[in-house]
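Okay, here's what each chain looks like letter by letter:
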Amino acid sequence: MANPKNKKVQENLARRKSLEERMAAQRAAELAVRRKRYLLIGGIAIVVVAAIVLIVVLSSRGSTAAVSGGRQTVSSTMTSRGISGGIRVKAGTPVTWTIKGGSGNLGCMDGVQSSLWSGFKSVRSGSSVKVTFTPPSAGTYSVTCSHGNPVCTVTVT
Ligand SMILES: [Cu+2]
């Protein structure tokens, strides 16, 4: 049965089999690398989204007043879009709220008025105004410009 032609066929078959095995191994390795890359990209995406959510949540909470000597003080910056996040204060303790007029044209955001204090307080770009009031009770109070458009809210706890 030592047919030289048969032997050649056997050799070719063996060579082909090993080649196919090597190709399969390579494909598996490539798949593993791709899977690892997707996991990494997914992980980074999750971290980025979580960071954005955290920033949005923190900025929407607004500035919390600091209490010292029976007075709460807090400061904010007015922009053409109002005061980002507003402020958080406690009921019953007098508040001094310093509002700085941000650079550039503030547009409609020309000042602040609210049921928390009397009168309209003008806010101009580049200068500061102090608003004093004592929050009567817990709740959310709206602050508007002279035109009645929302500037921000004062959260009283
Ligand atoms: Cu306005």
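Each value, and the rule that gives it
- Residues numbered from 1 in each chain as written.
- Predicted model: local features only at pLDDT ≥ 70, side-chain atom pairs only at ≥ 80, totals over all residues.
- Helix = DSSP H or I, 4+ residues; strand = E, 2+ residues; numbered from the N terminus.
- Rg over C-alpha atoms; globule rule 2.2 N^0.38 Å.
- Buried ≥ 20, exposed ≤ 12 C-beta atoms within 10 Å, placed from the backbone.
- Contact = placed C-beta atoms within 7 Å.
- Domains from an automatic or database assignment.
- Pairing = 2+ DSSP bridges.
- Axes fitted to C-alpha atoms, helices over the stretch in contact; angles between N-to-C directions.

Along the backbone of the protein chain there are one helix and 10 strands. Secondary structure elements in the protein chain, listed N-terminal to C-terminal, are α-β-β-β-β-β-β-β-β-β-β. Taking 2.2 N^0.38 as the reference for a compact globule, 157 residues should give roughly 15 Å; the C-alpha atoms of the protein chain span a radius of gyration of 34 Å, well beyond that estimate. Seen through its C-alpha atoms, the protein chain measures out along the principal axes to roughly 110 × 35 × 25 Å. Within the protein chain, the proportion of its 157 residues that are buried is 17%. At a minimum sequence separation of 6, the contacts of the protein chain that also span at least 24 residues come to 53%.

Looking at the protein chain, the domain boundaries give domain 1 (1-61) and domain 2 (62-156). For domain 1 and domain 2, the distance between their C-alpha centroids amounts to 57 Å.

With that settled, consider the sheet that holds strand β2 (residues 66-68). Strand order in the open sheet formed by four strands is β2-β3-β5-β8, and the pairing between neighbours is mixed. Whereas interior strands pair on both sides, the edge strands pair on one side only; in this sheet they are β2 and β8 (128-133). The mean inter-strand angle of the sheet, taken between neighbouring strand axes irrespective of direction, is 25°. Relative to strand β3 (residues 71-78), β2 runs antiparallel, the two sharing three bridges. Pairing of Val67 across the sheet is with Gln72, part of β3.

Along strand β5 (residues 95-101), the buried face is formed by Val95, Trp97, Ile99 and Gly101; none of Thr96, Thr98 and Lys100, which line the opposite face, is buried. Bridge count for β3 against β5 is seven bridges, and the pairing is parallel. Bridged to Thr77 within β5 is Lys100. Summarising the sheet, β5 and β8 pair through six bridges and their orientation is antiparallel. Among the inter-strand pairings, Thr98 is bridged to a residue of β8, identified as Lys130.

Relative to the helices and strands, Val49 resides in helix α1 (residues 4-61). Counting along the chain gives 37 residues from Val49 to Gly86, while the straight-line C-alpha distance between them is 24 Å.

Tracing the backbone through its elements, the reader meets Thr144 in strand β9 (residues 139-144). Spatially, the C-alpha atom of Thr144 lies 14 Å from that of Ile87, the residues being 57 residues apart in sequence. Those residues within four positions of Thr144 in sequence are excluded, and the remaining contacts are Gln113, Asn149, Pro150 and Val151.

As a further point, take the sheet that holds strand β1 (residues 63-64). Here we have four strands laid out as an open sheet, ordered β1-β4-β10-β9, and mixed in their pairing. A strand with exactly one partner marks an edge of an open sheet, and here the two such strands are β1 and β9. The pairing of β1 with strand β4 (residues 87-89) spans two bridges and is parallel. Within the sheet, the bridge partner assigned to Ser63 lies in β4 and is Ile87.

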